[in-house]
Amino acid sequence: MKNLLLTLLIPQLFGCAIAKNPIQQELSISPGEIRFVEFEETSDKIRFYCKDQEIKLNRVGKKLQAVVIESYFSELKPFTCFLKEKDQNLQELFFQVVDREYKSEQLRVNPKRIKLSAKDQKRANAEQVILNKIYASSLNSFQFDKAFIKPMDSFITSIYGTRRVYNKVKKGQHLGTDFRAAIGEKVPATNSGKVVLAADLFFTGWTVIIDHGMDIFSVYGHLSKTLVKEGDMIERGQIVALSGNTGRTSGPHLHWGVKVQGQYIDGLVLIDESQKIFKE
Ligand SMILES: [Zn+2]
């Protein structure tokens, strides 16, 4: 008993002089999902890696926060994330990737927005270049300290991840959440951040994009009117636009997308997961 107590005490007495075993955690995630993770900051040399990529850490007081995502197009392979101080692993997070069933739906839209003319294709390509630039230059700390909220409280007409067949030919996935909305309904921001786009795009029509920092963006599409401009810092719940029917739609609604680390993820999961970290 005495020996056991000593074994437990010695590493603490000598603090960092003895390499400790990393703290291990088992977690799970599904394709198209996000998790928030939080650690204590014990040194300014701490870094975080998932799938061989460094993930930025948000520093708030003595806390370190980060997000882990799994792509919708996941190969369902388990992976490990490491919290490291130089070469030493402080924590190891083992993620199981659990498959998730996504539904299928048929849609009718203007054929011109399925088979693009050369002019439309050129426009869509040019817009993609602008969007790529926006998504590659996120602010480097969380621009929020509260949980995310729904951009509308209405019925959800199409959930994230639904496989879609447009006009019986074109196949795709719906990587956003559609809310029932008439033309002209108020659209509040899902969280605080910086407006990085307020423009008319080929596919999503009038669109607002908000940068919430550290590669987390929210997108509001098919709007009839935008009420903010690029560069505006906005609060959670602030009205940023009015809903509409612009771009590639089959009727008025609000399309809400969430892009994190370059992948569209399920916004409703973002809301749930953020509530676990940002308690109110
Ligand atoms: Zn949509």
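Residues numbered from 1 in each chain as written. Predicted model: local features only at pLDDT ≥ 70, side-chain atom pairs only at ≥ 80, totals over all residues. Heavy atoms only, no water.

**A look at the pairing of strand S21 (residues 253-260)**
Thought 1: Counted residue by residue, S21 has eight buried out of eight residues, so it is predominantly covered.
Thought 2: Alternating positions in S21 separate into two faces, His 253, His 255, Gly 257 and Lys 259 on one and Leu 254, Trp 256, Val 258 and Val 260 on the other, with burial throughout.
Thought 3: Pairing of strand S13 (residues 177-180) with S21 involves four bridges; the strand directions are antiparallel. When the sheet's bridge partners are listed, Phe 179 is paired in S21 with Leu 254.
Thought 4: Looking at chain direction, S21 and strand S22 (residues 263-265) are connected through three bridges and run antiparallel. When the bridges of S22 are listed, Lys 259 appears paired with Tyr 264. (Buried < 20%, exposed > 50% of the residue type's maximum accessible area, 1.4 Å probe, protein only. Helix = DSSP H or I, 4+ residues; strand = E, 2+ residues; numbered from the N terminus. Pairing = 2+ DSSP bridges.)

**Considerations on the sheet that holds strand S1 (residues 23-29)**
Thought 1: Spatially, S1-S8-S7-S3-S4 is the arrangement adopted by the five strands of the open sheet, whose pairing is mixed. Here the strands that pair on one side only, and so sit at the sheet edges, are S1 and strand S4 (53-55). In this sheet, adjacent strand axes meet at a mean angle of 25° when their direction is disregarded.
Thought 2: Bridging between strand S3 (residues 46-50) and strand S7 (residues 79-85) involves five bridges; their strand directions are antiparallel. Counted as the bridge partner of Tyr 49 is Phe 82 from S7. (Axes fitted to C-alpha atoms, helices over the stretch in contact; angles between N-to-C directions.)

**Here's the deal with the environment of Arg 59**
Thought 1: In this fold, Arg 59 is placed in strand S5 (residues 58-60).
Thought 2: Distance from Arg 59 to Glu 40, taken between C-alpha atoms, is 9.7 Å for residues 19 residues apart in sequence.

**Re the packing of aromatic side chains**
Thought 1: Applying the stated rule across the entire model yields 15 aromatic pairs.
Thought 2: Ring geometry for Tyr 72 versus Phe 73: centroids 5.1 Å apart, planes at 80°, classification edge-to-face.
Thought 3: Judged by relative accessible area, Tyr 72 falls into the buried class, the value being 12%.
Thought 4: Look at Phe 79 and Phe 95: their rings are 5.0 Å apart centre to centre, the planes differ by 10°, and that puts the pair in the stacked class. One end of the pair, Phe 79, is in strand S7; the other, Phe 95, is in strand S8 (residues 88-97), and 16 residues separate them in sequence. Across this residue pair, the class does not change: Phe 79 and Phe 95 are buried.
Thought 5: Here a set of aromatic residues connected by ring pairs shows up, and it is made of Phe 36, Phe 142, Phe 144, Phe 148 and Phe 278.
Thought 6: Between the NZ or CZ atom of Lys 84 and the centre of the ring of Phe 82, over which it lies, the distance is 5.8 Å.
Thought 7: The aromatic ring of Tyr 166 is capped on one face by Arg 248, whose charged end is 4.3 Å from the ring centroid. (Phe/Tyr/Trp six-rings, centres within 6.5 Å; stacked < 30°, edge-to-face > 60°. Lys NZ or Arg CZ within 6 Å of the ring centre and 35° of its normal.)

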